[in-house]
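For reference, the chains in residue letters:
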Amino acid sequence: FSPAVFPLSCVVQNYSWGKVGLESEVAKLVASADPLVQIQPDQPYAELWMGTHPRGDALIRDNRIPQTTLGQWIADNPACLGAKVKDAFQGQLPFLFKVLSVNTALSVQAHPNKELAAKLHAQFPEHYPDANHKPEMAIALTPFKGLCGFRPVEEIVSFLQNVPELRALIGEVAAEQLERSGSDDPRGVSAALRVCFTRLMKSEKKSFVDQLNVLVRRISQEAAEGKDTSGSNGDLLLRLHSQYPGDIGCFTIYFLNLVRLEPGEAMFLGANEPHAYLHGDCVEIMACSDNTVRAGLTPKFIDVLTLCEMLNYTPAPSSAKIFPAAQSQLDPNVYLYDPPVPDFTIMRIEIPASIKLYLISAMDSASILLVIQGTAVGTSTAAASEMSLRRGSVLFISANESISLHLSSPDGMLLFRACCLL
C-alpha cells in the first residue's frame with residue numbers, strides 16, 4: 001500500500017517585506033501546525049510555499065513514503081496529477097500555492113504572457129529563468145491592499161492637475177494629450193496613457209528624486225497643517241516613500257488603482273497587468289514561473305523598457321479588479337475562484353459548526369488543502385492513517401481521492417483547496 005493522501009511540511013521564505021514574528025499570518029499558521037517550530041520575534045515571515053518549486057519543494061510528513069519531497073513523489077507517481085493535468089502540464093504540478101504576509105510594499109511589476117516569456121527567457125535567461133507565463137490570484141485572509149491596473153483616466157487627469165511634481169516629470173505635451181483623449185476613442189486613450197506612464201518611468205534619476213523630495217515635503221507640510229492631502233494621494237505617498245525613499249515607484253500610485261480586499265475577496269492578475277501588493281495577508285496561487293518584470297519599489301533588477309512596452313493600458317475602476325467567487329452548484333459550502341487560465345483554480349470551503357462530518361470530494365486533479373480555521377480528524381482510504389488537521393495543516397490529495405473530515409471545532413472550519421480544473 002502506498003499512500004496517495006498525506007500531510008506536507010512547507011517552506012517559509014523570510015523576505016524583508018514580510019510581516020515580523022507572530023504579526024505574520026504565515027508565522028501563525030506555521031506555529032499552529034507544528035508547535036515545535038520556534039518563531040523568531042524579529043524575523044520576517046513573508047511567504048509559505050505549498051508546492052514543488054525547486055527553491056521550496058514541500059517535505060512529505062509520512063514515514064511510509066520513501067520520497068522526501070512532494071516534487072520527487074510526483075515525478076515517481078505522475079498519475080496522481082489526474083490524466084488531463086498530467087498530459088497538459090508534462091507530468092508537473094501546474095501551480096504554486098502560497099500564503100503571503102505583506103508588511104511593506106512589493107515591487108511594481110507585471111508578468112509576461114507565454115509569447116513574451118519565451119522571448120525574454122531566450123534573450124535574458126539570468127533575469128527571466130523560464131519560458132512560462134505567470135498569472136496569479138490573491139484571496140484576502142485579512143484586509144488586504146494592493147495596486148492593480150490603470151485607474152480611470154479622469155482620476156489620473158485629476159492627479160496631473162493636483163500634483164505639479166508629477167506633471168513636471170511627464171511633461172506638458174504628454175499630460176495635455178491624456179487630458180484631451182476622449183472616452184469615445186479607447187485606443188487613443190491607451191496610447192496617451194502609455195506615453196504618460198513611459199515618460200514617468202523613464203525620467204532621469206536626478207529629476208524624479210528632486211521632484212519626489214519636493215512632493216514629500218509639500219505633503220508633509222500640508223498634513224502637519226491639518227489640510228486634506230487626498231487630492232495628492234498623500235497618505236499612501238508618505239507611506240511608500242518611508243519604505244522606499246527616492247524610488248520612482250512612489251509615483252505609480254497616481255496611475256494605478258488602489259484595491260482594497262476584505263477577507264474572502266480576490267484579485268486576478270492576468271498577463272501584463274501592472275500590480276504591487278501593499279499590505280495584508282492573503283492566499284495566492286500562480287502558474288509555475290519565476291518571470292517578473294519589475295520597475296520600482298524594489299532593490300532588485302528593474303527592466304523599465306520591457307515593462308512599459310508590455311503593459312495592458314486599459315483603464316478601469318478599482319471595483320472591476322475584484323474577482324468574484326461563485327458558490328458551487330454541487331456543494332453550498334464551496335466557493336469557486338475559477339480564473340480565465342487553465343493552470344489553477346481555488347476553492348474556499350466554509351464548513352458551518354452544525355456539520356460534524358464533511359466530505360472533501362474527489363476530483364480529476366491533484367490538489368493541495370490548507371486549513372485556516374478549525375480542527376478535524378481526516379480519514380481516507382488513500383491515507384496511511386488518520387490525519388489530525390488544525391490551523392496551518394497542509395495536505396496533498398492525489399486525483400480521484402477523497403477525505404472524510406470529522407470536525408471537532410465548535411466554530412466550523414475554513415479551508416482553501418488549490419487544484420487544476422481542465
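Residues numbered from 1 in each chain as written. Predicted model: local features only at pLDDT ≥ 70, side-chain atom pairs only at ≥ 80, totals over all residues. Heavy atoms only, no water.

Within an unreviewed UniProt entry, the label attached to the chain reads Mannose-6-phosphate isomerase, and the organism entered is Struthidea cinerea. Entered under Pathway (unreviewed entry) in the UniProt record, the comment concerning the chain runs "Nucleotide-sugar biosynthesis; GDP-alpha-D-mannose biosynthesis; alpha-D-mannose 1-phosphate from D-fructose 6-phosphate: step 1/2." (UniProt positions renumbered as here; feature names shortened; annotations may be inferred.)

Caption draft 1: Focus on the overall build of the chain. For the chain, the helix and strand inventory stands at 11 helices and 25 strands. Compactness check: the chain gives a C-alpha radius of gyration of 23 Å against a globular reference of 22 Å for 422 residues, within 12% of the reference. Over its C-alpha atoms, taken along the principal directions, the chain stretches across nearly 70 × 45 × 40 Å. Within the chain, the fraction of its 422 residues that count as buried is 56%. In the chain, 76% of the contacts between residues at least 6 apart in sequence involve partners at least 24 apart. With an accessible surface of roughly 17800 Å², the chain has 52% of that area assigned to carbon and sulfur atoms. Between the centroid of the 34 positive side chains of the chain and the centroid of its 44 negative side chains there is a distance of 2 Å. (Helix = DSSP H or I, 4+ residues; strand = E, 2+ residues; numbered from the N terminus. Rg over C-alpha atoms; globule rule 2.2 N^0.38 Å. Buried < 20%, exposed > 50% of the residue type's maximum accessible area, 1.4 Å probe, protein only. Contact = heavy atoms within 4.5 Å. Areas by Shrake-Rupley, 256 points an atom, 1.4 Å probe, with all protein chains shown as cover. Lys, Arg positive; Asp, Glu negative; His and termini not counted. Charge placed at Lys NZ, Arg CZ, Asp CG, Glu CD.)

Caption draft 2: Geometry of the sheet that holds strand β23 (residues 394–397). Ordered in space as β6-β1-β23-β20-β25-β18-β17-β16, the 8 strands form an open sheet in which the pairing is antiparallel. Among the strands making up the open sheet, the edge pair consists of β6 (59–60) and β16 (326–327). Pairing geometry for strand β20 (residues 367–373) and β23, over 4 bridges, is antiparallel. Residue L370 lies in a different strand from β23, and its bridge partner there is V394. (Pairing = 2+ DSSP bridges.)

Caption draft 3: Focus on unusual backbone geometry. Notably, L297 is not glycine yet its phi reads approximately 55°, a positive angle. Using a relative accessible area of 1% as the deciding quantity, one classes L297 as buried. Its identity as a non-glycine residue notwithstanding, N400 has a phi of 65°, on the positive side. Tracing the backbone shows N400 in the loop between β23 and β24 (403–407).

Caption draft 4: View of the nonpolar core. F97, F396 and L405 are the most contacted members of the largest nonpolar core, which has 71 residues in total. Top element by residues in this core is strand β25 (residues 413–419). It accounts for 6 residues. The contacts of F97, once residues within four sequence positions are left out, are L48, W49, M50, V283, E284, I285, I346, I368, L370, F416 and A418. Counting residues in each nonpolar core, the second largest holds 55 residues, with I248, Y254, L256 and L278 among its members. (Core = buried A, V, L, I, M, F, W, Y, C linked by side-chain atoms within 4.5 Å.)

Caption draft 5: Spotlight on the sheet that holds β24. The strand order β19-β24-β21-β22 describes an open sheet built from 4 strands, whose pairing is antiparallel. Each of the sheet's edge strands pairs with one partner strand only, and the pair in question is β19 (357–360) and β22 (387–389). This sheet shows a mean twist of 30° between the axes of neighbouring strands, independent of strand direction. (Axes fitted to C-alpha atoms, helices over the stretch in contact; angles between N-to-C directions.)

Caption draft 6: Local environment of the UniProt feature "domain: Phosphomannose isomerase type I C-terminal" (unreviewed entry) in the chain. Feature annotation in UniProt assigns "domain: Phosphomannose isomerase type I C-terminal" (unreviewed entry) to the following positions: residues 336–376. As annotated, residues 336–376 has a helix share of 0% and a strand share of 51%, and its two end C-alpha atoms lie 22 Å apart.

Caption draft 7: Structural view of the UniProt feature "domain: Phosphomannose isomerase type I helical insertion" (unreviewed entry) in the chain. Within this numbering scheme, the UniProt entry marks residues 169–256 as carrying the feature "domain: Phosphomannose isomerase type I helical insertion" (unreviewed entry). Secondary structure content for residues 169–256 is 65% helix and 1% strand, and the end C-alpha separation is 17 Å.

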